[in-house]
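Structure assessment
Here is what each chain is made of, one letter per residue.
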6 protein chains.
Amino acid sequence: MLRGPFLDRNWMGQNPDYDKSDIIMLGLPFDGTVSYRSGSRFAPEQIRLASWGLEEYSPRFNKFLGDVNFHDAGDLEFPLGNTYKTLEVIEKNVEDIYKDGKRVFGIGGEHLVTLPEITAVSKFFNNLAIVHFDAHTDLREEYLGEEMSHSAVIRHASKIVGAKNIKQIGIRSGMKEEFEFMKEHNTLAHKYSDLDVLKDKKIFVTVDLDVLDTSIMPGTGTPEVGGLEFNELMGWFEYLKNFDIVGADVVELAPDYDASGASTAVATKVIRELLMIM
Amino acid sequence: MLRGPFLDRNWMGQNPDYDKSDIIMLGLPFDGTVSYRSGSRFAPEQIRLASWGLEEYSPRFNKFLGDVNFHDAGDLEFPLGNTYKTLEVIEKNVEDIYKDGKRVFGIGGEHLVTLPEITAVSKFFNNLAIVHFDAHTDLREEYLGEEMSHSAVIRHASKIVGAKNIKQIGIRSGMKEEFEFMKEHNTLAHKYSDLDVLKDKKIFVTVDLDVLDTSIMPGTGTPEVGGLEFNELMGWFEYLKNFDIVGADVVELAPDYDASGASTAVATKVIRELLMIM
Amino acid sequence: MLRGPFLDRNWMGQNPDYDKSDIIMLGLPFDGTVSYRSGSRFAPEQIRLASWGLEEYSPRFNKFLGDVNFHDAGDLEFPLGNTYKTLEVIEKNVEDIYKDGKRVFGIGGEHLVTLPEITAVSKFFNNLAIVHFDAHTDLREEYLGEEMSHSAVIRHASKIVGAKNIKQIGIRSGMKEEFEFMKEHNTLAHKYSDLDVLKDKKIFVTVDLDVLDTSIMPGTGTPEVGGLEFNELMGWFEYLKNFDIVGADVVELAPDYDASGASTAVATKVIRELLMIM
Amino acid sequence: MLRGPFLDRNWMGQNPDYDKSDIIMLGLPFDGTVSYRSGSRFAPEQIRLASWGLEEYSPRFNKFLGDVNFHDAGDLEFPLGNTYKTLEVIEKNVEDIYKDGKRVFGIGGEHLVTLPEITAVSKFFNNLAIVHFDAHTDLREEYLGEEMSHSAVIRHASKIVGAKNIKQIGIRSGMKEEFEFMKEHNTLAHKYSDLDVLKDKKIFVTVDLDVLDTSIMPGTGTPEVGGLEFNELMGWFEYLKNFDIVGADVVELAPDYDASGASTAVATKVIRELLMIM
Amino acid sequence: MLRGPFLDRNWMGQNPDYDKSDIIMLGLPFDGTVSYRSGSRFAPEQIRLASWGLEEYSPRFNKFLGDVNFHDAGDLEFPLGNTYKTLEVIEKNVEDIYKDGKRVFGIGGEHLVTLPEITAVSKFFNNLAIVHFDAHTDLREEYLGEEMSHSAVIRHASKIVGAKNIKQIGIRSGMKEEFEFMKEHNTLAHKYSDLDVLKDKKIFVTVDLDVLDTSIMPGTGTPEVGGLEFNELMGWFEYLKNFDIVGADVVELAPDYDASGASTAVATKVIRELLMIM
Amino acid sequence: MLRGPFLDRNWMGQNPDYDKSDIIMLGLPFDGTVSYRSGSRFAPEQIRLASWGLEEYSPRFNKFLGDVNFHDAGDLEFPLGNTYKTLEVIEKNVEDIYKDGKRVFGIGGEHLVTLPEITAVSKFFNNLAIVHFDAHTDLREEYLGEEMSHSAVIRHASKIVGAKNIKQIGIRSGMKEEFEFMKEHNTLAHKYSDLDVLKDKKIFVTVDLDVLDTSIMPGTGTPEVGGLEFNELMGWFEYLKNFDIVGADVVELAPDYDASGASTAVATKVIRELLMIM
């Protein structure tokens, strides 16, 4: 046998044993309904490689990745061009995770992957709520006649968990009807305490990386300027530390659109810090 | 009113009048079933801009774009993530073109767009044949369980026109079964005269730009080295000048993958020269 | 005829009818006097394509692009290498716009295009003032012996409208003499109310995109770090909402220098929001 | 447990069982002595990902990757900045491979990695010869005073196997002394039959990817125009099919220098085809 | 002879006469121990070119580059792959500078170049202190078994000047042990006045450009989000104006990783402003 | 003083002494009349840096750069946006070179720089001829109304040396009138011996790098596929070795359009080999 040493090819700091892990990281390389620029299908693999440019230790949370006890399960394989079958594959695998008493940490892919995650998780918790970081409302009923679109994911999710159980952060783009929906259901969180109504809920945190400013995250499908600074996002994460997070995902990195690799590095750190609060 | 002068925003050398044109150029910005890297949805618009870096005159064919009498009809709009509806929109519009006594020149998008074009054109000619330039056989029956895939487009087309009416040029990648299909049906053309069996047919020419070597065409979904030089492709075009071409398309440019713009420039010149022989 | 649907190839939300529009958007693809990196000649066409990645609705101004009633007139064509003739073409077309009782919205190109715009507009208003967003003073008398330079545009404009009718925002680079000019004429605006002296004037707003920080706008000729955040720029726009803006332009995007497309996306949103306050 | 399906994260077509494999693919991510542009340290991981854009079937050799029976052992981990320790780690692991009765297939990294491979392999065969594809002679005694340099690798190797047991292909750059060395020892192969003197030897094939023309392989440390076309390289591979190849490597891809990904795709196909002839 | 005029090929505003200069700018193109992405070897030459995109006048410090009286000595040449000899070359040249009664301004290259600079400078001042701007602690004892690593540079420097004479700004990544070292020795400066303990010391300022946020500085080896804005860094520079700075360097620009050139432009301005306070 | 060693910042292998040199290399960073993509203004400085990635020895010509005895005079400085003054500066400096009994080797910049070179050189030789490598005829009388355009440079030059004293190689794009001009004056050289009519002339060799195929030279203003391979260009150079070359230039590299650096590397080698035959 070879004596090595070998570079580890899984996410830095992961637990190699599925059974002994609390959180299951699952790559979801799907970008089939993206309305502008696609390419998020390549995010999970590039993020995994970039994780080795990070440290395992988070000074902000004074904690190690090893403390998180997560397992990198790899990336699901999807039938290209078939949105419905893809969503089904995701839903079933996420169900497996919760049947095993664990929590999911999805790595998109596009934002539509969140819908089957929510669908699956909602079968295990009757008081599920969503904390949604995004530049876009994602509250359309359909896009160009298609119901299953990344622009509609939160609207569809609201039918599962109820609009009152959704809080949105960083939103700065959408149709007028969507902003009215946000107003009607009071989903927009302006300050930390706006999240307090979800204190007793089981929380699913979904982070569309375009919630960050284009300066930090040019490598995404629909870059939208005027967004959160990284440390602002971290402020929200710190506040969420005291909530009961039962699942999470980070979506919409399109790594090929930022040849500098900085967007991928940022995405990777967002994931590390979000793992820290789960 | 403004006195200008203004830059023309259509394809260089086009005829602005649909009714008086012989050939209708149609942008087909669809890339939903791409198995590796997508982005060909942005090709039609970038090719149109790049056309202004060309000359209208082709020294090879001693002919002007103006002599071709083609009209740039713009780019179709598709429902994202819905492959079947997209194919339907293409098929109907291409039918319109032939009902009007004209010929189509499609600008992909991915290679699957060729299928509804062929379907439509075959309704108007009972002796349709296909000349297929590509690195890949595109002869799968399905890809990851999906029948409608850019990897299966020529297989499906063969069911419409008959495998004996297909000639393939530049093929260098595929599954063993696909190469056996090629052998069985003698579809691979090695030299110009291999095309002569199609002399009395109505020809649809479909050019997947990855038929060109990766050195010339890095900006494509699945770059495949060892391909044709540009002047080799032009040799085939010159030979095809004497065939009865009733439709054509050029597909699979992914412009964002070649930031130098060279791939887009090449695609644009392929289109100009292909127009010259129609 | 073709049934479509077709993608619109004009700026999103424009009014296709020149005569019925209030504002005329005019592409000015000139970059002949740029002192460092050129390429802004490609901005108007790429911005137009990128506009389709935006929403028509601006949550900040609670208004639609359709409410603005602007017409996308396309891009002027210039004689390459001849600065003076280019400026003449711009001046004449802008005059046309004001003769027709409309206002111009120029899309550069480099900053020198603002000079003929100002020249033309000043013929229609005797109390014209300029609000100038920029990293650079642009107050040189000449650059390397050339009077007509993008580094001199505001100095020349000051001779038309008077230095006291110019307010500059975001300036952080220039020669000592230029900073002394700014001091002498009190042109630098530090806070919103510094603009109030222009309250009764007709305002031309000119935005050199390098006023934004390099992190947001790397795709520009002379990136200058330490600039405005996007939301800071928007704060100034909100304040200007109550001024009488009779013309505007947004200049100096060099799209090829930011292959991520983020700079182009930002420029496009700056334009959308500036349209909202006119 | 999760039902998947999951994407395979090893090289396409590999045998997951080290013990039952004939060839061991070993990533060697070292680029510490590169004289111009480094970055080949990232090649093994990007090549592995890109392998999934290939087909398992090689039409040229009418053979499947699965037929090759190779195992992807992963990438060695090296002490950064310490050239000597790095070479030692490589040498020991390659020795392990031959002790286990297998052959190595190294994926660089820079060309100096070939030296410890040769050193190790030479311990198992007393009639080792080298077939060296490269743009550069790599025959310096030292570079800027350093003996251990990628520019000196073949000179050092010649001391192990003897200069007469080296054949070089594609060489087009070097110092005069190096060309004289080549002449003196008759190492340059112009035509296939020049290799015949090695017919009874055990062959180690080392491919510096810059042997290919810059048009095909811009993503390398020292691109050198005027090189082999891909099909020319394949011609040599076909001829080598009848030689007794006991080890091989492919080095000097610098993936970040070709954002189009084409260089990585080419490197991956070179590897597939070289595997086919072993 | 040629009448010119010629473009100056040295740093803008430098004094061409070494003997009459106070500060010697020294290019240090070494990147041999970089743990993630290398390429900082190309920084000195690209920064020099980019300096001509700046103005000589700094509005912030109301001072000209010409006032600084610095000489651009060019870039040292190093033996590739030999870390120890490289460090020796740097140390000797920096000694030369101080023997001549001048101060060094190093342009990296990677951060390890600071160690021989400090070693040399410490021979001339017995009360040397370090102000260290960085995202990373750089306080490891070794990295992958190597003592000489850019990750260990400040730890080694602390042995020369004493940990109590080090102040660190912007640190946000490292191992737990490193953060404990920082705590134990109270090296982290949170506010300007934390630097006051160094008021009577001779200060060496070392700026690892990744102290800036990734949005401003994607072109660096290990981009680390959540960093300083440019104007925050300038605030620290303004405070340092009143300290006795006897040497400085700016390191870790990897220009090829930011094709937009913005990172290089930022690095260049950091250097200009740091020169202003010396 | 500093002991160094320092990297040389001039062209590799140059003679530092103008007076003792035979050939004067002159950077001509002008791109003001470019019809499509500009940026060749940055070529001279990037080529100079890239020269250090070459060897001084040319195996093809068995000769060293040192044998050529050329001096790198640096890059001229031009008034931006003023074409006529720029041409005048070039003409005067080139005259200086010939007054000093030397020959020019211009590094563009765009192709229009050749006109003042020819003008100057023609004052010293009454039997001047031009060998013109290019994709484009450059035989227009004007472009968009401008006489001074890079598209017209050879037409204007023909008025100085006579159309019969011009031979063109690699031409593949132009207007019909231009091709007719070529025919009428028999300027197109198809085979080496077509150059023999110029055997007794003094030759100026002008190489527009887009004569090379786009695969080799994507980093140019108007990439034109179907061009020469590098070794084909070298074949012409070898034939020209026996001609009396009194001046030369290499133009139209736009380095920023090829982030891989390969185009710059190719341009640099073209220059090295062209120097070898002078």
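In this report, the structure presented in the accompanying data block is examined.

The rules behind the values
- Residues numbered from 1 in each chain as written.
- Chains lettered and ligands numbered in written order.
- Predicted model: local features only at pLDDT ≥ 70, side-chain atom pairs only at ≥ 80, totals over all residues.
- Heavy atoms only, no water.
- Axes fitted to C-alpha atoms, helices over the stretch in contact; angles between N-to-C directions.
- Helix = DSSP H or I, 4+ residues; strand = E, 2+ residues; numbered from the N terminus.
- Parallel < 35°, antiparallel > 145°, perpendicular 65-115°, else oblique.
- Contact = heavy atoms within 4.5 Å.
- Nonpolar A, V, L, I, M, F, W, Y, C, P; charged D, E, K, R; others polar.
- Pairing = 2+ DSSP bridges.
- Buried < 20%, exposed > 50% of the residue type's maximum accessible area, 1.4 Å probe, protein only.
- Salt bridge = Lys/Arg side-chain N within 4 Å of Asp/Glu carboxyl O.
- Least-squares fit on C-alpha atoms with pLDDT ≥ 70 in both.
- Polar contact = N/O pair within 3.5 Å; in protein donor to acceptor, adjacent residues only side chain to side chain.
- Buried area = accessible area lost by both parts, 1.4 Å probe.

Brief notes about the packing of helix H1 (residues 43-50) of chain D against helix H8 (residues 262-276) of chain D
Residues and elements named next belong to chain D. Between H1 and H8, whose axes approach to 9 Å, the crossing angle comes to 80 degrees. In terms of orientation, H1 and H8 fall into the roughly perpendicular class. Where H1 approaches H8, its residues Gln46, Ile47 and Ala50 are matched on the opposing element by Thr264, Ala267, Thr268 and Ile271. Residue composition of the contact of H1 with H8, grouped by class: four nonpolar, three polar and no charged.

Concerning the sheet that holds strand E1 (residues 23-28) of chain E
All names here are of chain E. If you trace the seven strands from one edge of the open sheet to the other, you get E4-E1-E5-E9-E8-E6-E7, paired in parallel fashion. Here the strands that pair on one side only, and so sit at the sheet edges, are strand E4 (70-75) and strand E7 (166-169). If you compare each strand with its neighbour and ignore which way they point, the axes differ by 20 degrees on average. Sheet topology places strand E5 (residues 103-108) next to strand E9 (residues 244-251); four bridges connect them, and they run parallel. Bridge pairing links Gly106 to Asp249 in E9. Against the sheet, helix H8 (residues 262-276) makes contact with E1, E4, E5, strand E8 (202-208) and E9, and its axis sits at roughly 175 degrees relative to E9, the strand it touches most.

Remarks on unusual backbone geometry
Here Gly4(A) and Pro5(A) are connected by a cis peptide whose omega angle stands at 5 degrees. Secondary-structure assignment places Pro5(A) in the segment before strand E1 (23-28). For the bond running from Gly108(C) to Gly109(C), omega is 10 degrees, close enough to zero to count as cis. Here Gly109(C) shows up in the loop between strand E5 (103-108) and helix H4 (114-122). The phi torsion at Asp138(D) lies on the positive side, around 55 degrees, for a residue other than glycine. For Asp138(D), the location among the structural elements is in the loop between strand E6 (128-133) and helix H5 (153-161). You will see that Asn69(F), though not glycine, has its phi angle at about 60 degrees, which is positive. One can find Asn69(F) in the loop between helix H2 (65-68) and strand E4 (70-75). For Asn69(F), a relative accessible area of 19% translates into the label buried.

Digging into the pattern of salt bridges
Throughout the structure, instances matching the rule amount to 116 salt bridges over all chains. Asp244(C) serves as the salt-bridge partner of Lys202(C), at 2.5 Å between the closest nitrogen and oxygen. Of this pair, Lys202(C) sits in strand E8 (residues 202-208) while Asp244(C) sits in strand E9 (residues 244-251); the two residues are 42 residues apart in sequence, bridging distant segments of the chain. For Lys202(C), a relative accessible area of 24% translates into the label partly exposed. Judged by relative accessible area, which is 33%, Asp244(C) ranks as partly exposed. A salt bridge links Asp31(F) to Arg41(F), with the shortest nitrogen-to-oxygen separation between them at 3.0 Å. Highlighted residues: Asp31(F) in the loop between strand E1 (23-28) and helix H1 (43-50) and Arg41(F) in the loop between E1 and H1, separated in sequence by ten residues. Neither Asp31(F) nor Arg41(F) differs from the other in exposure class; each is buried.

Observations concerning the relation of the copies chain A and chain D
At an RMSD of 0.0 Å, chain A and chain D line up after a rotation of 180 degrees and a shift of 0.0 Å along the axis. The operation mapping one copy onto its partner corresponds to a two-fold rotation axis. Judged by C-alpha distance, Ala259(A) is the residue of chain A that lies nearest the rotation axis, at 3.3 Å. The share of interface residues of chain A whose copies in chain D are also at the interface is 100%, consistent with both copies meeting through the same surface.

With respect to the environment of Ser21(B)
Residues and elements named next belong to chain B. Tracing the chain through its elements places Ser21 in the segment before strand E1 (23-28). By relative accessible area, which is 2% here, Ser21 ends up buried. Linking Ser21 and Glu229, residues 208 residues apart in sequence, is a C-alpha distance of 32 Å. When near neighbours in sequence (up to four residues on either side) are disregarded, Ser21 contacts Asn15, Asn69, Phe70, His71 and Lys102. A polar atom in the side chain of Ser21 sits 2.7 Å from the backbone oxygen of Asp17.

A look at the pairing of strand E8 (residues 202-208) of chain B
Residues and elements named next belong to chain B. Summarising burial for E8: six of the seven residues are buried, a large majority. Of the strand pairs in this sheet, strand E6 (residues 128-133) and E8 are connected by six bridges, and their pairing is parallel. Bridge pairing in E8 places His132 opposite Thr206. Here E8 runs beside strand E9 (residues 244-251); their pairing, made up of seven bridges, is parallel. By the bridge assignment for E9, Val205 is matched with Ala248.

As for the relation of the copies chain E and chain D
Of the transformation superimposing chain E on chain D, the axial component is 0.0 Å and the angular component is 180 degrees, with the fit at an RMSD of 0.0 Å. A high fraction, 100%, of the interface residues of chain E reappear at the interface in chain D, so the copies pair face to face through one surface.

Details of the environment of Met12(D)
Residues and elements named next belong to chain D. Note on placement: Met12 falls in the segment before strand E1 (23-28). Taking the C-alpha atoms as reference points, Met12 and Trp52, 40 residues apart in sequence, are found 5.9 Å from one another. Contacts of Met12, omitting those with residues within four sequence positions, involve Ser51, Trp52, Leu54, Glu55, Glu56, Leu65 and Phe70.

Focus on the interface of chain E and chain D
Accessible area lost when the parts come together is the quantity often used to give the size of an interface. Contacts between chain E and chain D engage 25 residues on the former and 25 residues on the latter. In this assembly, chain E packs against chain D so that about 1900 Å² is buried in total across both faces, 47% of it on carbon and sulfur atoms. Of all residues in chain E, Leu80(E), Leu144(E) and Glu146(E) give up the largest surface area on contact with chain D, accounting jointly for 30% of the area buried on that side. Put simply, chain E and chain D have two salt bridges between them. Here Lys85(D) and Glu146(E) are joined by a salt bridge, their closest N and O atoms 3.0 Å apart.

Interpretation in functional terms is not warranted from these geometric data alone.
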